[in-house]
Amino acid sequence: MLTPEKKRFIEFMMDADVLRFGDFVTKSGRNTPYFVNTGNYRTGAQIAGLGQFYAQLVHDTGCAFDALFGPAYKGIPLVTACAASLYREYGLDKPYFFNRKEAKDHGEGGNLVGYKPKDGDRIAIIEDVITAGTAVRETMPLLYACGDVTCRDMFISVNRCEVGQTPGKTAIMEVQEEFGITVHALVTVRDIREWLSAHGGYEALLPKMDGYMAKYCIEG
């Protein structure tokens, strides 16, 4: 259901040229009529607003965590903005960290920046989207290498509701089964489709959205 808050976030992404429509190819190699590129956030107002959206989602779920992790590269500004907004809006001061794509071989070394996780920590992941679950499978070994940590929650901008590696299951279902992670999304592809149908000027796009969703998206 397209709530006022979801509508506001969709329009926020569109105003920032983050939610785009056209012909794109996802990381998993699928041709798609819409694309979410959080790398297009580029102003202080945009990143501050984004942090507020994420912080509210984290706060409203009531999940318990000890630290926030943002996978490089796009997760870095997301986790930073979310951590700042959690403190500013809710008085919740939690540490955050992110990874380097290449481990540093001088100074303090290593491939993690910020908080250093310890055994027993509960880590919440801040990401942009999940399409086929590829990025999640790359992230989890990094977290497990930190120590005896657990990860039970992930927060993303858009749930594309797409099938993963197993027929009949979304990538998010697979993430839940493989890693025990519950994924919380600000909006879903169905919310975006509903928003488009309620506004004029997208008549040519709707059949493309419907065709893509029929091919790749499943309920759940």
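Residues numbered from 1 in each chain as written. Predicted model: local features only at pLDDT ≥ 70, side-chain atom pairs only at ≥ 80, totals over all residues. Heavy atoms only, no water.

Novice: Could you clarify how one ought to interpret the packing of aromatic side chains in this entry?
Specialist: Any pair of aromatic rings gets described here by the distance separating the centres and the angle formed by the planes. Using the criterion set out here, one finds 11 aromatic pairs in the structure. Through a chain of ring-to-ring contacts, three or more aromatic side chains come together here, namely F9, F12, Y41 and F53. R160 extends its terminal NZ or CZ atom over the ring of Y34, reaching a point 4.1 Å from the ring centre. (Phe/Tyr/Trp six-rings, centres within 6.5 Å; stacked < 30°, edge-to-face > 60°. Lys NZ or Arg CZ within 6 Å of the ring centre and 35° of its normal.)

Novice: Honestly, the nonpolar core in this entry has me stumped. Any pointers?
Specialist: Nonpolar side chains in soluble globular proteins tend to end up buried together. Judged by nonpolar contacts, the single largest core of 44 residues is most densely connected at F9, M13, L68 and I126. For M13, the contacting residues outside a window of four places in its chain are V18, L19, V36, Y41, V158 and V187. (Core = buried A, V, L, I, M, F, W, Y, C linked by side-chain atoms within 4.5 Å. Buried < 20%, exposed > 50% of the residue type's maximum accessible area, 1.4 Å probe, protein only. Contact = heavy atoms within 4.5 Å.)

Novice: How should I be thinking about the pattern of salt bridges in this particular structure?
Specialist: Side-chain pairing between opposite charges can occur once the charged atoms of the two side chains come close. Using the criterion set out here, one finds 13 salt bridges in the structure. Between E11 and K7 there is a salt bridge, with the nearest N and O atoms lying 2.9 Å from each other. Of the two residues, E11 and K7 both sit in helix α1 (residues 4–15), 4 residues apart, roughly one turn of that helix. We classify K7 as partly exposed; its relative accessible area is 34%. The shortest N-O distance in the salt bridge between R137 and E174 comes to 3.0 Å. Placement of the pair is R137 in helix α4 (residues 134–144) and E174 in helix α5 (residues 171–179), with a sequence separation of 37 residues. The exposure class of E174 is buried, given its relative accessible area of 3%. Through salt bridges that share partners, R30, R160 and E162 make up one connected network. (Salt bridge = Lys/Arg side-chain N within 4 Å of Asp/Glu carboxyl O. Helix = DSSP H or I, 4+ residues; strand = E, 2+ residues; numbered from the N terminus.)

Novice: What am I meant to see in the state of the cysteines here?
Specialist: Such a bond, covalent and formed between the sulfur atoms of two cysteines, is termed a disulfide. For the structure on display, the rule yields 0 disulfides. C82 takes part in no disulfide bond, and the closest cysteine sulfur, belonging to C63, lies 9.4 Å away. Residue C82 is classed as buried on the basis of its relative accessible area of 0%. For the unlinked cysteine C146, the closest cysteine sulfur is that of C151, found at 11 Å. (Disulfide = S-S within 2.5 Å.)

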